[in-house]
Amino acid sequence: MLDNMFHFAGLLDLEGKIIYINLPALEAVGCRLEDVRGQYFWDSPWFQVNELSGHQQREFVQSALAGQFVREDLEVFGKNQGREKIITDYSLKPMFDGEGDVAFILAEGRDITDKKNLEREVDQKNQRLINLLEEYEELSRNQKNFFSNLSHELKTPLSLILGNTDILMSRLGENDDPMELSSIRTNALSMLYLVDEMLELAKIDAGKAMMNFELCDLREIVQTVLSNFYSYAKSRSIQITLHAAPTVRVTVDVSKVRQIVFNLVGNAIRVVPANGLIECDVSRSQDVVVVAISDNGPGIPIHLKNTLFDRFQTGNHQRSGYHAGSGLGLAIVKEYCELHGGSIRVEDVQPSGTRFEIHLPVGEDIIHGDDLVYTVESIIQGDQVILPPDIADPIKDNKVLAPQQLTTDGSYVLLAEDNDGVAEMLLRVLSSSYQVVVVSNGQAALTTLRQARPLLLITDLMMPGMDGYELIREIKKSSELQDVPILALSANKNEQARIDLLSGYVDDYVTKPFFIPELLSRVRNIIELHKAKLSIREELSTHNNDLISLIRELIEARSNLQNVLDEQKEIQYRMNAIFNNSCVGIAVIDSNLDVVDANPFFSQVLGYQDDEMTGMSVFDLSATEDVSSHLFRFGELLEFDSSSNHYEMRFISKSGTEVWVNSSISVVPASVSAPVLLVGIFEDITEKKHIRESLMLSRKEIERFSRISIVNELASSIVHEINQPLSAIVSNVHACDLWLNGERANPEHVNRSLGLIRRDADRAVELISSIRNFVKSSSLELHFTLASELLKDVARIVSYEAQAAGIELEFDIVKDHQIYADPVSLKQVFVNLILNAIQALEGCYECTAGKILVRCDASDGFVNMSVEDNGPGLAFPLIDNLFEPFYSNKKDGLGFGLSICRGILESHRSSLDYEPLMPRGARFFFRVVGKIT
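The present account deals with the structure reproduced in this document. Note that the structure is predicted; figures quoted are calculated from it, not measured.

## Structural notes on the sheet that holds strand E17 (residues 456–460)
Logical step 1: Pairing is parallel across the open sheet formed by five strands, whose spatial order is E16-E15-E17-E18-E19. Every other strand in the sheet has two partners, leaving strand E16 (435–439) and strand E19 (508–511) as the edge strands with one partner each. Within this sheet the neighbouring strands show an average axis-to-axis angle of 20°, counted without direction.
Logical step 2: Against the sheet, helix H14 (residues 468–477) contacts E17 and strand E18 (486–490), and its axis sits at roughly 150° relative to E17.

Written out as structure tokens, the structure reads:
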């Protein structure tokens with residue numbers, strides 16, 4: 001039952017020793033119950049994480065024996081045969097008998113590694129969110145400080161601009177035109193207005209906004225603000241009315257209430273059409289005073305109402321005729337209302353229009369008399385406030401903005417600009433050279449374009465109604481207008497937008513503010529280029545499209561060619577730098593295996609001067625015995641067009657010494673102008689090679705000395721192992737003698753005894769052969785042989801044993817290869833490994849369908865070979881000494897087999913390695929030099 005309950009469950013006796021551990025826990029560390037039964041719990045494999053782990057576990061057990069319940073999150077070995085750690089929800093629960101004494105301890109553990117990892121990840125992400133929030137708050141503070149500081153810094157130059165402009169305007173004569181100076185002053189006031197708004201919001205954010213409450217007449221405050229709009233309202237025939245009692249006394253901050261009313265009326269007068277209406281109502285509702293301002297303008301779209309009082313939300317692209325603002329006016333109104341403890345709300349007016357209501361606490365209020373109605377003509381002028389420039393100094397009755405008669409020959413410039421000041425300035429500077437038509441939005445521009453094509457369209461990108469982007473898209477969609485030259489103006493310095501527009505939509509892009517001479521030059525260039533295109537089109541009308549395409553292709557081809565040349569120069573420069581300064585050898589070799597070029601480092605390694613190796617054959621630099629090997633490897637690269645080859649090579653330096661290198665040789669395919677080449681990268685490993693060979697010799701000497709040092713043990717083992725079959729032979733000989741010479745001969749017993757004599761004699765021969773192979777140091781006969789032929793011989797030797805044991809034997813040769821080896825020795829390696837696998841499968845009661853797979857494939861000039869089975873595998877403690885002589889996990893084994901196999905493969909400059917297979921099984925593998933047939 002415990003086997004199915006927990007990842008870990010066990011029972012401990014009153015000494016803290018293990019009585020029982022469930023199967024999942026035993027499998028997790030690769031041991032059996034009999035291996036740990038009777039062992040102290042703290043000494044068991046699960047708790048050998050560190051020195052403190054066992055000590056801590058011992059304290060836990062003692063607490064449990066004292067009757068305490070122990071529970072901890074504990075790190076233990078619990079996966080992958082005890083090699084991988086897990087985190088468990090671990091507990092020790094004392095179990096009591098009928099008398100209340102501890103009878104035994106129940107140990108439980110559940111794997112919560114994934115849960116802990118998720119908790120750790122959640123903690124890290126929460127901390128990251130906290131850090132991001134702190135960074136955001138810091139950035140927000142820095143942004144507010146930046147805008148505040150910037151606003152303060154802007155006030156000084158604006159003051160100088162306004163002051164000097166006023167001085168210049170005072171010096172003008174009667175015949176002087178004040179238009180330019182007036183435009184400068186108007187736009188400077190616009191900047192000052194924006195700076196004041198930003199400074200006020202900075203004060204509110206910093207909590208430094210001062211409130212100066214005083215008892216005043218609210219009707220008088222509203223009336224004073226409305227008087228400032230008289231001139232502008234009259235110029236557009238807009239009616240402004242005020243509904244209020246003669247006296248409405250409240251306690252408020254007069255300047256801030258004045259700014260609230262001013263911002264709302266200023267917004268309304270911008271959007272109300274000519275002959276429109278603006279109504280202001282001052283009334284009392286319970287304990288609050290309500291100031292309502294309504295208009296019959298276009299209203300506010302539903303999707304903008306949620307963000308209407310957010311900062312920098314202008315919504316001007318939705319409201320026809322609305323002059324671009326900072327988007328701070330309504331935000332300031334909301335902040336001022338809240339500073340008074342009041343509120344503001346907005347609602348629609350039917351059939352069209354908007355109504356804003358400001359609710360302010362009454363304070364000390366006295367409302368007398370009946371409501372009166374005031375018209376714009378009856379409002380008495382009061383204290384003035386700073387008006388926005390577009391209202392304070394409107395451009396009216398300006399002849400340059402009046403509609404003009406369009407010419408049908410297309411000899412005019414169309415200007416689409418919603419800012420009257422910018423439009424007036426551009427009109428004045430362009431009208432001396434071109435006929436100019438001015439419109440204030442994209443729809444008007446498109447209508448004008450369809451009436452007559454211009455020489456040039458100059459359009460602002462941000463306009464009410466149809467903006468510049470939409471206008472450009474409409475032009476490009478029209479087959480009649482798509483080739484109209486376009487110059488885009490924008491105050492937005494968005495580099496990606498500029499690149500996108502210039503990539504196929506507009507002819508030029510100018511950002512505000514701009515310099516007039518530069519703008520005039522760009523306009524002149526675009527128009528002259530357009531005229532030249534029109535002239536060419538008229539002269540070559542039949543070949544126009546082909547010629548334009550050809551010119552574009554020639555320009556593009558020339559540009560592409562120049563880019564390719566520049567890239568090739570850069571690549572050549574970098575390659576030369578790498579070639580000449582690299583700390584590894586680099587050589588270029590042609591198909592005849594002659595050196596085309598070698599870098600200084602490679603020449604230095606082989607003892608040659610620079611360029612001295614050019615023209616030398618690879619064979620001139622190689623040892624005589626390596627020529628055939630080099631010829632084979634280079635030929636294989638060229639013949640099979642392999643991408644690269646990696647192996648150790650030996651060169652002979654100019655002085656005659658051996659130089660060993662790690663080589664990586666790649667093929668550079670042939671092109672139209674160049675033949676196939678080989679590029680080799682060579683790392684000098686001569687010193688490493690000598691050290692490695694020295695270590696190998698030392699190892700062999702140590703192994704030979706080890707064999708001599710254990711000769712007594714060897715002799716004893718030999719006598720013991722050979723004595724068993726010899727003793728059996730002698731006993732069976734005596735039995736045969738008795739059965740042959742006795743009174744009653746028994747041929748059946750004689751034949752059985754002879755069979756046993758033959759078996760034991762074969763065993764003795766096998767033992768002597770193994771000992772001889774282990775002790776002697778024989779030379780190998782290395783040559784190329786087919787892997788498939790060698791494995792066929794192996795199959796003939798071992799197939800009978802596999803069939804007799806009921807084991808499936810499979811040979812998987814991905815592609816036939818030639819291997820450079822001693823076939824006899826290599827067969828012995830395969831036979832030993834396969835027989836070992838057969839014996840392992842025969843001794844495995846759980847292996848009902850035994851299988852042995854012999855695999856052969858190739859990579860990087862080597863043939864990879866392996867023998868794997870689905871048997872029980874090897875226990876973890878056996879792996880460290882697996883290839884040592886006299887070490888065996890078989891009852892009747894000498895421990896020579898794997899040691900002999902590794903020795904044979906080391907003579908082939910290879911090595912025998914082992915890895916376990918999952919869920920069970922073993923795999924022995926090695927590699928030898930080879931080539932594809």
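## Details of the packing of helix H12 (residues 420–430) against helix H16 (residues 516–539)
Logical step 1: Their axes nearest at 11 Å, the elements H12 and H16 cross at an angle of 65°. Helix-helix and strand crossings are classified by hand; for H12 and H16 the assignment is right-handed. Listed contacts from H16 to Met425, Leu426, Val429 and Leu430 of H12 are Ile516, Leu519, Leu520 and Val523.
Logical step 2: The residue inventory of the contact of H12 with H16, partitioned by class, reads eight nonpolar, no polar and no charged.

## Section: the side chain of aspartate 508
Logical step 1: Of note, aspartate 508 is situated in strand E19.
Logical step 2: What makes aspartate 508 buried here is its relative accessible area of 15%.
Logical step 3: Residues in contact with aspartate 508, not counting those within four places in the same chain, are Ile486, Leu487, Ala488, Leu502, Arg522 and Ile526.

## Some words on the pattern of salt bridges
Logical step 1: On inspection of all chains with the given rule, the structure shows 31 salt bridges.
Logical step 2: Note that aspartate 793 and lysine 827 form a salt bridge whose closest N and O atoms lie 2.7 Å from each other. Here lysine 827 lies in helix H24 (residues 823–842) and aspartate 793 lies in helix H23 (residues 787–804), a separation of 34 residues in the sequence.
Logical step 3: Given a relative accessible area of 21%, lysine 827 falls into the partly exposed group.
Logical step 4: Overlapping salt bridges bring together Arg345, Glu347, Arg355 and Glu357 as one network.

## Side note on the packing of H24 against helix H25 (residues 897–907)
Logical step 1: Axis separation between H24 and H25 bottoms out at 9 Å; the angle between their running directions is 150°. The orientation of H24 with respect to H25, classified from their angle, is roughly antiparallel. Like other packed secondary-structure pairs, H24 and H25 cross with a definite hand, here left-handed. Contact residues: H24 offers Ser825, Leu826, Gln828, Val829, Asn832, Leu833 and Asn836, while H25 offers Gly897, Leu898, Ile900, Cys901, Ile904 and Leu905.
Logical step 2: Looking at the contact of H24 with H25 residue by residue, the classes come out as eight nonpolar, five polar and no charged.

## As for the sheet that holds strand E4 (residues 84–96)
Logical step 1: Ordered by their spatial adjacency, five strands build an open sheet running E2-E1-E5-E4-E3, and the pairing between neighbours is antiparallel. Each having just a single partner strand, strand E2 (18–21) and strand E3 (70–79) make up the two edges of the open sheet. In this sheet, neighbouring strand axes are inclined to one another by 25° on average, regardless of whether the strands run parallel or antiparallel.
Logical step 2: Pairing geometry for E3 and E4, over nine bridges, is antiparallel. Looking at the pairing, phenylalanine 77 lines up with lysine 85 of E4.

## Some thoughts on unusual backbone geometry
When glycine is set aside, most residues are seen to have a negative phi, and most peptide bonds are trans.
Logical step 1: That bond from glutamine 350 to proline 351 is cis: its omega, 5°, falls within 30 degrees of zero.
Logical step 2: With respect to the helices, strands and loops of the structure, proline 351 is situated in the loop between strand E11 (343–348) and strand E12 (354–361).
Logical step 3: Note that the residue after methionine 918, namely proline 919, is joined by a cis bond; omega there is 5°.
Logical step 4: Relative to the helices and strands, proline 919 resides in the loop between strand E30 (913–916) and strand E31 (922–932).
Logical step 5: Positive phi, close to 60°, is recorded for glutamine 81, a residue that is not glycine.
Logical step 6: Its location among the elements puts glutamine 81 in the loop between E3 and E4.
Logical step 7: Since its relative accessible area comes to 38%, glutamine 81 is described here as partly exposed.

## A closer look at the nonpolar core
Logical step 1: Residues Leu264 and Val282 are the most contacted members of the largest nonpolar core, which totals 49 residues.
Logical step 2: The element that contributes the greatest number of residues to this core is helix H8 (residues 254–271), accounting for nine residues.
Logical step 3: Beyond its immediate sequence surroundings of up to four residues, leucine 264 is in contact with Ile293, Leu330, Val333, Ile344, Phe356 and Ile358.
Logical step 4: Ala787, Cys847, Val854 and Leu905 belong to the second-largest nonpolar core, a separate cluster that totals 39 residues.

Quick notes on the rules
- Residues numbered from 1 in each chain as written.
- Predicted model: local features only at pLDDT ≥ 70, side-chain atom pairs only at ≥ 80, totals over all residues.
- Heavy atoms only, no water.
- Pairing = 2+ DSSP bridges.
- Helix = DSSP H or I, 4+ residues; strand = E, 2+ residues; numbered from the N terminus.
- Axes fitted to C-alpha atoms, helices over the stretch in contact; angles between N-to-C directions.
- Contact = heavy atoms within 4.5 Å.
- Left-handed = near helix turned anticlockwise from the far one by under 90°.
- Nonpolar A, V, L, I, M, F, W, Y, C, P; charged D, E, K, R; others polar.
- Buried < 20%, exposed > 50% of the residue type's maximum accessible area, 1.4 Å probe, protein only.
- Salt bridge = Lys/Arg side-chain N within 4 Å of Asp/Glu carboxyl O.
- Parallel < 35°, antiparallel > 145°, perpendicular 65-115°, else oblique.
- Core = buried A, V, L, I, M, F, W, Y, C linked by side-chain atoms within 4.5 Å.

Distances and angles like these do not, on their own, reveal function.
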